[in-house]
Amino acid sequence: MFRKKKEAGQAPQQTDPPSIPVLQLFSSGEFPEGEIQQYKDDNLWRVTSEEKRELERLQKPIYNSVRQAAEVHRQVRKYIRSIVKPGMLMTDICETLEDTVRRLISENGLHAGIAFPTGCSLNWVAAHWTPNSGDKTVLGENDVMKLDFGTHIDGYIIDCAFTVAFNPMYDPLLEATREATNTGIKEAGIDVRLCDIGAAIQEVMESYEVEINGKVYQVKSIRNLNGHSIGQYQIHAGKSVPIVKGGEQTKMEEGEFYAIETFGSTGKGYVREDLECSHYMKNFDIGHVPLRLPRAKQLLATIDKNFSTLAFCRRYLDRLGETKYLMGLKNLCDAGIVQIHAYSMQRKLLTWKHARFKFNAYPVPAIPGSVSLN
């Protein structure tokens, strides 16, 4: 048996399922830029400014880290879309996705890996739900699933989400959120008021209707869920990008990194937090807090080593071999060291469905637009 010799200089191709780290697919170390949005109006001068071009050259290593994380996200997203089907356990979907991220990003402690737990919220749950160990929830034929996962290189986070629905009845709901997200990205840029982005998103979102089992619903923006700025090792860095009109007058600034995300609903357009929790995250601004419980001290050391201020879930603690940690985790939460992120939902009416799309925008100094819509 003879194997054909690979031609010299031929770039390796990704396998199916994906198994080759993205670093090996781009031997030059330069990763795809993603979609570029053109500057316009008062920002056109940035394209030809030598000062801004030099600033951009200095930031190139950061941009390349972001693009590497974005390429991993793109390849994982493409693969997961191809295999998800009704009847799968939600736990299996999440673990398959997360294991693929770990392979493609060449997971390396806090330098490269998963940025936060995979959200796979169903139907009336809008965000922040991931199965805990032992959960037997199964994806159904008529479910609407929001898949939200993150990748990072050196703490530079790619935070993207998409929606999966098998019943074509929900296509207008998905189209509304997709087009609203695209609108938000096109409106984003340096000196743009966040409230103006929200107004543009709402106008597009609420121009759609969806017919579910013979009843017509207007698609509504969920007014108390937002996009947000992102910092290094900080998924929510302080600024919110509304998806309805009437928000704050704060402007986007040069060098900031944003998740532009939209939530479309057939319900009332407002969610509340449920008491159940699956997402946790160490408080970014916390200083030293004395702890008396030895198990809490030990658990905090595990969190610092493996997650720092990145979000995690119970499945991740289980994977690290932690056991009997719930009391220690509660102690860390009660002390304000760890924050809980309960899932966001509406009252459980089967006709109320939420869809979600999210991509990243980075208002760069000179070369036109916002990277990396991957």
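Given the structure is predicted, the values throughout are model-derived calculations rather than measurements. (Residues numbered from 1 in each chain as written. Predicted model: local features only at pLDDT ≥ 70, side-chain atom pairs only at ≥ 80, totals over all residues. Heavy atoms only, no water.)

Caption draft 1: Focus on the domain arrangement of the protein. The domain boundaries assigned to the protein delineate domain 1 (52–271 + 346–366) and domain 2 (276–342). A separation of 25 Å is found between the C-alpha centroids of domain 1 and domain 2. On the side of domain 2, 23 residues touch domain 1, which itself brings 23 residues to the contact. Of the roughly 1,900 Å² buried at the junction of domain 1 and domain 2 (both faces included), carbon and sulfur atoms supply 53%. Linking domain 1 with domain 2 are one salt bridge. The salt bridge partner of Glu-98 is Arg-315, with a shortest N-O separation of 2.8 Å. Summed over the shared surface of domain 1 and domain 2, the number is eight residue pairs in polar contact (both at pLDDT 80 or more). Contributions of two or more residues to the side of domain 1 that touches domain 2 are made by helix 4 (90–104) and strand 1 (112–122). Residue composition of the side of domain 1 that touches domain 2, by class: eleven nonpolar, eight polar and four charged. (Domains from an automatic or database assignment. Contact = heavy atoms within 4.5 Å. Buried area = accessible area lost by both parts, 1.4 Å probe. Salt bridge = Lys/Arg side-chain N within 4 Å of Asp/Glu carboxyl O. Polar contact = N/O pair within 3.5 Å; in protein donor to acceptor, adjacent residues only side chain to side chain. Helix = DSSP H or I, 4+ residues; strand = E, 2+ residues; numbered from the N terminus. Nonpolar A, V, L, I, M, F, W, Y, C, P; charged D, E, K, R; others polar.)

Caption draft 2: Spatial organisation of the UniProt feature "binding site: a divalent metal cation 1" (unreviewed entry) in the protein. As annotated by UniProt and renumbered to match this structure, "binding site: a divalent metal cation 1" (unreviewed entry) occupies Asp-148 and Asp-159. Tracing the backbone through its elements, the reader meets Asp-148 in strand 3 (residues 144–153). On the basis of relative accessibility, which here comes to 6%, the residue Asp-148 falls in the buried class. By secondary structure assignment, the location of Asp-159 is in strand 4 (residues 156–165). Since its relative accessible area comes to 2%, Asp-159 is described here as buried. A polar contact of 3.2 Å, which involves the side chain of Asp-159, links it to the side chain of His-228. (UniProt positions renumbered as here; feature names shortened; annotations may be inferred. Buried < 20%, exposed > 50% of the residue type's maximum accessible area, 1.4 Å probe, protein only.)

Caption draft 3: Representation of unusual backbone geometry. With an omega of 5°, the peptide bond between Asp-16 and Pro-17 qualifies as cis. Within the secondary structure, Pro-17 is located in the segment before helix 1 (22–25). At Ser-106, a position not held by glycine, the phi torsion is positive, near 55°. Here Ser-106 is to be found in the loop between helix 4 and strand 1. One non-glycine residue, Asn-123, adopts positive backbone phi at about 55°. Topologically, Asn-123 is positioned in the loop between strand 1 and strand 2 (125–127).

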